[in-house]
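Residue-level structure breakdown
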Amino acid sequence: MKVKAVAQNNVVLVKVLIQHVMETGRRKDETGKIVPGHFITELSAKHKGETVFQAELGPGVSKDPYLAFQFTGGNVGETVSVSWVDNKGGSEKVDSLISAA
Amino acid sequence: MGFSRRQFIKSVGSSVACAAVFAIIPKRAFAKWSDKAFMSESLAGAIAAKYGNMPVENSTEIKIKSPEIAENGAYVPVTISANIPGASNITIFSESNAAPLIASFDVMPKMGPDISLRLRMAKTGNLVVLVQANGKLYKASKEVKVTIGGCGG
């Protein structure tokens, strides 16, 4: 997962790019068998212990998900931590320093 | 004939019970995920599972930015922006998908109004955004024409 956080005028823009198959559970492989669903279900971002972004995702989100959002009150040099979990118990967490625009 | 009707019903019954137990366990893995809403195969069903039966009102305060024509339905870039006081939740649906609910966002106190993501669209259809605020749902929709469907069917 790549996280880029940029502060401008007290607003932090966060861009998140995750490598994930986001398998829908509806697609069939070459042999006609349904490929089991494997997708991210929850993603959240924290800044100074406070949740600033909270998303529930499903199979309708594209493969290798990209998400962008903003929050107020963050400053350059502080940390944003983004984490996700998927439906098979997979997870990832990345701490990213807020940089200047 | 060592297998009486009664035994048969008993064994079938217990295997059904087993299946039911197994069906429940994976759901406990995600405590909060709105599985019923995400798995619902109609827009109305997904909305009912997510929000129950709330009054819906169209709103011009919700903006949906997306391409008019998406060449590849597997990656449709969308930005949604909701400027509704008291909003607690924002959800985006693609009406023509097998499972219309795409993503749902809880509004956090410091969160900004814009959210961007890339989503799948099976075919040409409406993107629908609902914002829950003050016991009501505010709605906006926008059509996206899809050249190649993105759900691999």
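As shown above, the structure is provided for reference.
Structural notes, computed from the coordinates. Predicted, not measured: the structure shown is a model, and the values here were computed from it.

Attention now goes to the side chain of Gln54(A). Locating Gln54(A) in the fold gives a position in strand E4 (residues 50-57). Judged by relative accessible area, which is 14%, Gln54(A) ranks as buried. Other than its neighbours up to four places away in sequence, Gln54(A) contacts Glu42(A), Leu43(A), Ser44(A), Lys32(B), Ser104(B), Phe105(B), Asp106(B) and Met108(B).

What follows covers the interface of chain B and chain A. If you look at the interface, chain B gives 32 residues, while chain A gives 32 residues. Of the roughly 2,800 Å² buried where chain B meets chain A, counting both sides, 50% is carbon and sulfur surface. Counting the surface chain B buries against chain A, the share from its top three residues, Lys110(B), Arg118(B) and Arg120(B), is 26%. One salt bridge connects Glu50(A) with Lys110(B), and the closest N-O pair in it is separated by 3.0 Å. Summed over the shared surface of chain B and chain A, the number is 22 residue pairs in polar contact (both at pLDDT 80 or more). Only helix H2 (35-39), strand E6 (101-106) and strand E7 (111-119) of chain B provide two or more residues apiece to the side of chain B that touches chain A. With nine residues, the top contributor of residues to the side of chain B that touches chain A is E7(B). Per-class residue counts for the side of chain B that touches chain A are 19 nonpolar, five polar and eight charged. Taken together, the four bridges between E4(A) and E6(B) define a ladder with antiparallel strand orientation.

In this section: the pattern of salt bridges. All names here are of chain A. Per the counting criterion, the structure on display carries eight salt bridges over all chains. A salt bridge links Lys 48 to Glu 78, with the nearest nitrogen and oxygen atoms 3.3 Å apart. With Lys 48 in the loop between strand E3 (40-47) and E4 and Glu 78 in the loop between strand E5 (66-72) and strand E6 (79-86), this residue pair connects regions lying 30 residues apart in the sequence.

Counting buried positions along E5(A) gives five out of seven residues, so the element sits mostly inside the fold. Both strand E2 (residues 11-17) of chain A and E5(A) contribute to a ladder of seven bridges, which runs antiparallel. Note on E5(A): the bridge partner recorded for Val16(A) is Leu67(A). Sheet topology note: the E5(A)/E7(B) ladder contains four bridges and is antiparallel. Looking across to E7(B), one finds that Phe71(A) is bridged to Met111(B).

Calculation rules
- Residues numbered from 1 in each chain as written.
- Chains lettered and ligands numbered in written order.
- Predicted model: local features only at pLDDT ≥ 70, side-chain atom pairs only at ≥ 80, totals over all residues.
- Heavy atoms only, no water.
- Helix = DSSP H or I, 4+ residues; strand = E, 2+ residues; numbered from the N terminus.
- Buried < 20%, exposed > 50% of the residue type's maximum accessible area, 1.4 Å probe, protein only.
- Contact = heavy atoms within 4.5 Å.
- Buried area = accessible area lost by both parts, 1.4 Å probe.
- Salt bridge = Lys/Arg side-chain N within 4 Å of Asp/Glu carboxyl O.
- Polar contact = N/O pair within 3.5 Å; in protein donor to acceptor, adjacent residues only side chain to side chain.
- Nonpolar A, V, L, I, M, F, W, Y, C, P; charged D, E, K, R; others polar.
- Pairing = 2+ DSSP bridges.

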